[in-house]
Amino acid sequence: MNSNTKKYLIGGGLVIAIAIALFTSISGDNMTYYRTPAEILANPDDFMGEKIRVMGLIETGSVTWEPKDTKLGFRITEDGKHFLMVTYIGSKPDMFKEGQGVVVEGSLTAPGLLTATKLLVKHSEEYKVEKHSDKKADYYKSMAQ
Amino acid sequence: MIVDFGYYAMLAALVLTSYAVFAGITGIKRNSANLILSARNAHLATFGMVIIAYLALTYAFLTNDFSIKFVANNSSTDLPLFYKITAVWGGLDGSLLLWQMILSFFTAIIAIRYQKQNKEILPHILVILGFSSIFLLFLLIGWSNPFLQNFPTVGEGRGLNPLLQNPGMVIHPPTLYLGYVGFNVPFAFAMASLWAGKESDDWILATRRWTLVSWFFLTTGMILGGNWAYIELGWGGYWAWDPVENASLMPWLTGTAYLHSVIVQEKRNRLKLWNMLLLIATFALTILGTFITRSGVLNSVHAFSKSNIGPAFLVFIAIILVASHTLVIMKPNHFRQPEGKAGAWSKENGFLLNNVFFVGMCFTVLYGTIFPLLAEGLFDKKLSIQAPFFNSIMLPLGIFLVLTMGITQVLGWKNTSQKMLKKNLLIPSVLSIVVILAGLFAFHIQWQFAFLSAMGLFAGWTVSSELFKSFSRAKAKGEQTFIAKIWTDKRKRGGMIIHLGMVVLIIGFCGNFYGAEKAFTLYPNQVEQVGKYKIKYLREVNYQSNNARHVGADLTLEANGKYLGNIRPVKAFYPTRPEPMTEVAIYRTMLEDLYISLSSLNEDGSVTLNVYINPLVNLVWGSMGFFIVGMFYSIAYKPAQLRKKKGEA
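This structure is a prediction, so every number in the text was calculated from the model and none was measured. The numbers attached to residues start from 1 for each chain and follow its sequence in the written order. Lettering of chains starts at A and numbering of ligands starts at 1, both following the order in which they are written. It should be noted that, the model being predicted, local features are given only for residues of pLDDT at least 70 and side-chain atom pairs only at 80 or more, the latter also being counted only at that level, while totals for whole chains, interfaces and linings use all residues.

**A closer look at unusual backbone geometry**
All names here are of chain B. In the Ramachandran plot, Asn269 falls in the positive-phi region, its phi being about 60 degrees despite a non-glycine side chain. Numbered from the N terminus, helices here are DSSP runs of H or I no shorter than four residues, and strands are runs of E no shorter than two. Looking at the element boundaries, Asn269 is found in the loop between helix H10 (243–268) and helix H11 (272–295). Located in the positive-phi region is Lys414, a residue other than glycine, with phi close to 70 degrees.

**Some details on the sheet that holds strand E11 (residues 607–615) of chain B**
Residues and elements named next belong to chain B. Pairing is antiparallel across the open sheet formed by four strands, whose spatial order is E2-E11-E10-E9. The two strands at the open ends of the sheet, each matched to only one other strand, are strand E2 (516–522) and strand E9 (585–588). Averaged over all adjacent pairs, the angle separating strand axes in this sheet is 20 degrees, with direction ignored. At least two DSSP bridges between two strands are needed for those strands to be called paired. Of the strand pairs in this sheet, E2 and E11 are connected by seven bridges, and their pairing is antiparallel. From the neighbouring strand, Ala516 faces E11, where its bridge partner is Ile613. All axes are obtained by fitting lines to C-alpha atoms, using only the stretch in contact for helices, and the reported angles, taken between N-to-C directions, cover 0 to 180 degrees.

**A look at the nonpolar core**
All names here are of chain B. One nonpolar core equals one set of buried Ala, Val, Leu, Ile, Met, Phe, Trp, Tyr and Cys residues connected by C-beta atoms within 7 Å. Exposure classification rests on a simple neighbour count of other C-beta atoms within 10 Å of a residue's own: a residue reaching 20 or more is buried, one at 12 or fewer is exposed, and one in between is partly exposed. C-beta atoms are placed from the backbone. Core analysis: the largest hydrophobic core is formed by 178 residues, its most contacted members being Ala13, Ala53, Ile125, Phe187, Ala188 and Met455. With 16 residues, the top contributor of residues to this core is helix H7 (residues 167–195). Each residue gets a C-beta atom placed from its backbone, and two residues are in contact if those atoms lie within 7 Å. In this structure Phe187 touches Leu279, Ile280 and Phe283, once residues within four positions along its chain are discounted. In this structure, Ile535, Ile596, Leu601 and Val607 belong to the second largest nonpolar core, which totals 18 residues.

**Some remarks on the pairing of E9(B)**
All names here are of chain B. Sheet topology places E9 next to strand E10 (residues 592–601); four bridges connect them, and they run antiparallel. The residue of E10 that forms the bridge with Tyr587 is Leu594. Taking the residues between adjacent antiparallel strands as the criterion, E9 and E10 are bridged by three residues.

**A closer look at helix H13 (residues 347–379) of chain B**
Residues and elements named next belong to chain B. Expected helix span is computed as 1.5 Å times (number of residues minus one). Helix length check: H13 (33 residues) gives 45 Å between terminal C-alpha atoms against 48 Å at 1.5 Å per residue, within 8%. Along H13, the largest kink reaches about 40 degrees and is centred on Ile370; proline Pro372 follows within four residues of it. Just beyond H13, the residue with positive phi is Asp380, at close to 60 degrees. Fitting one axis to the seven residues ending at a residue and another to the seven starting there, the bend at that residue is the angle between the two axes.

**A short note on the packing of helix H9 (residues 208–232) of chain B against H10(B)**
When two helices pack together, you describe them by how their axes are tilted relative to each other and by the distance separating the axes. Residue and element names in this part refer to chain B. Packing of H9 against H10 leaves a shortest axis separation of 10 Å and a crossing angle of 145 degrees. In this structure, the crossing between H9 and H10 has a hand that is left-handed. On H10, the residues touching Thr211, Trp215, Leu218, Thr219 and Met222 of H9 are Ser248, Pro251, Trp252, Gly255, Thr256 and Leu259. Basically, the charged four are Asp, Glu, Lys and Arg, the nonpolar ten are Ala, Val, Leu, Ile, Met, Phe, Trp, Tyr, Cys and Pro, and anything else, Gly included, counts as polar. Classifying every residue of the contact of H9 with H10 gives six nonpolar, five polar and no charged. For any helix crossing, the convention is left-handed if the near helix is rotated counterclockwise from the far helix by under a right angle, and right-handed if that rotation is clockwise.

Right, dumping it as structure tokens:
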């Protein structure tokens with residue numbers, strides 16, 4: 001075999017190996033589907049034990065925070081009709097507040113209860129301009145909760 | 001007033017560049033020196049206009065002109081002066097203007113500098129750079145005009161995003177842009193050379209420094225970005241395979257591949273087509289990166305505003321790809337390679353292998369980044385690809401890449417004798433195998449960590465010994481002065497020092513395998529142990545600093561019975577922003593960081609803290625020092641061919 005053919009064989013083999021590795025490696029371990037609270041609550045048994053991601057808004061008045069165990073509890077909804085309970089052990093993110101959009105990831109530990117391992121707050125550069133001062137006061141308050 | 005000034009300057013710049021491109025093309029066709037000269041002058045005038053626009057925007061920030069929407073959205077009266085100047089690139093519109101200014105600046109340098117060398121392709125280069133300018137100015141005027149008026153006018157701006165009020169964030173975007181735009185230059189030279197049908201490859205030598213400097217800025221830009229994330233975002237890390245991070249990594253991977261493979265073309269006149277494709281890919285990926293980060297098509301934790309300029313980017317990428325490939329296909333003769341054989345253990349093959357890994361890594365990142373987009377577009381499934389995917393592929397590839405890097409250092413062009421291989425590789429091979437076996441079987445560490453650290457050691461060994469050889473050669477040659485000993489063999493040393501920086505960076509990455517993380521709540525005077533550190537909560541603190549009110553916890557640190565100091569993780573409340581910002585407190589040592597972020601101050605007087613121990617993280621930032629020194633060596637070197645030319649003139 002001449003050295004050029006050998007080179008192309010090695011190179012080509014590497015490229016193919018990488019490609020196969022890539023296409024087969026997106027699996028349940030590193031990929032998560034987005035679900036909605038309504039979807040989950042309709043058939044909670046289907047999702048038991050499966051890793052899921054849910055996007056939704058935090059329901060007003062649903063947030064509980066137990067500093068001793070750093071345990072956060074809240075309910076999220078997408079349509080305002082179906083509410084999914086979420087518990088999360090860890091710290092409260094900066095922009096975590098009622099009415100805020102969040103992404104939670106974890107698995108159902110009971111029908112309708114998601115135990116989250118990840119909690120991300122959706123945020124954007126664009127803030128509302130009006131009533132800064134009121135909000136600030138709210139925030140001092142929310143901090144103390 | 002100032003609004004009109006800036007806007008018309010941008011408009012004038014667009015007209016001037018369009019003219020420059022038109023005059024350039026006509027001038028090339030008709031072979032008219034006058035038209036070509038006129039095109040060149042139009043490019044210089046464009047630069048002037050862009051500076052005026054940029055200064056006008058800066059002026060608007062300095063004078064708190066909230067009648068401009070962009071200023072009102074990104075500044076406020078109480079913003080410190082320094083951040084008012086830098087707030088210009090605190091949002092999409094202004095950063096595009098900064099990008100355009102860098103592009104115009106580079107274009108002007110080229111127009112002035114290359115009037116003797118590369119004279120015959122200069123008009124072509126300027127036309128190609130002109131196309132990029134037209135695209136950006138078009139965006140600036142049509143889609144994201146930084147001078148857009150604000151109706152109704154507001155008395156106070158919203159303030160600059162507090163996350164961006166950090167020195168790291170101030171230099172990170174311009175640095176990255178210098179790298180992005182910089183890769184436009186070798187691309188333009190390569191395309192111009194093809195277009196003009198030039199036989200020789202001297203564009204490679206002419207753009208060698210451009211490529212190196214761009215690579216330097218791209219690399220440090222990314223490290224600075226990581227450093228910013230580490231300090232400001234408060235989650236204890238600096239890289240999360242976020243789409244925005246991936247966007248800057250992709251052109252870095254192909255750019256780094258090009259940086260190596262172009263040497264094969266310079267020295268051995270091979271890989272011509274491959275280099276051209278890498279340059280095209282790098283340039284297209286910088287635009288794709290901007291598209292991904294700015295169009296909002298992907299869910300990203302990065303707080304960029306969504307805008308509707310996405311399609312414009314896609315069209316531009318399509319134009320780049322079609323036009324450049326057409327040029328490549330139309331000039332097949334250009335890519336004829338001389339017959340020549342290279343042995344298996346040759347530098348050529350080392351570089352080729354490294355290119356396969358770099359491109360494979362780039363493809364991995366691209367695939368993982370756009371997969372969710374494809375899934376949603378094609379199958380209507382919303383999903384998210386996370387770090388485990390990237391780690392599972394990038395780590396093994398990275399391990400092989402570092403091994404290749406270590407081996408290639410000792411390879412010669414064409415071939416390397418078995419004797420040399422044995423002499424240079426025996427010790428590091430034995431060492432790294434010992435490390436792997438010891439790591440896996442004696443210490444039971446993760447295999448990724450065992451292999452990566454062993455390969456780091458291997459490459460570190462070969463790089464250092466090559467560097468050492470270079471220094472002892474200078475000594476043997478009898479170089480007299482200290483300076484002469486240090487400042488010689490610059491190309492080689494520059495490369496070695498930068499590779500040493502890479503090794504340092506990789507060892508820094510290894511620290512990620514040994515991090516610790518803990519969240520807990522403390523009452524006043526309560527103590528918690530994390531690793532060797534004892535953290536004691538003293539009291540709540542509350543103070544005003546700059547434009548923000550800070551509320552936080554006063555903590556004392558102790559390790560092994562020794563008092564280390566007090567630190568204060570806080571939350572900062574900016575009057576213009578509704579949410580507080582976490583300001584982490586870091587206790588740094590050479591070997592590890594103790595990183596504390598304040599999670600919450602609770603009603604009952606306790607505080608909840610997130611504590612991370614990050615080993616070796618400072619090596620990641622420290623690697624930049626090697627890159628800086630290495631870069632000075634590398635750019636000080638002048639290829640022999642260029643030196644000769646100057647002698648003749």
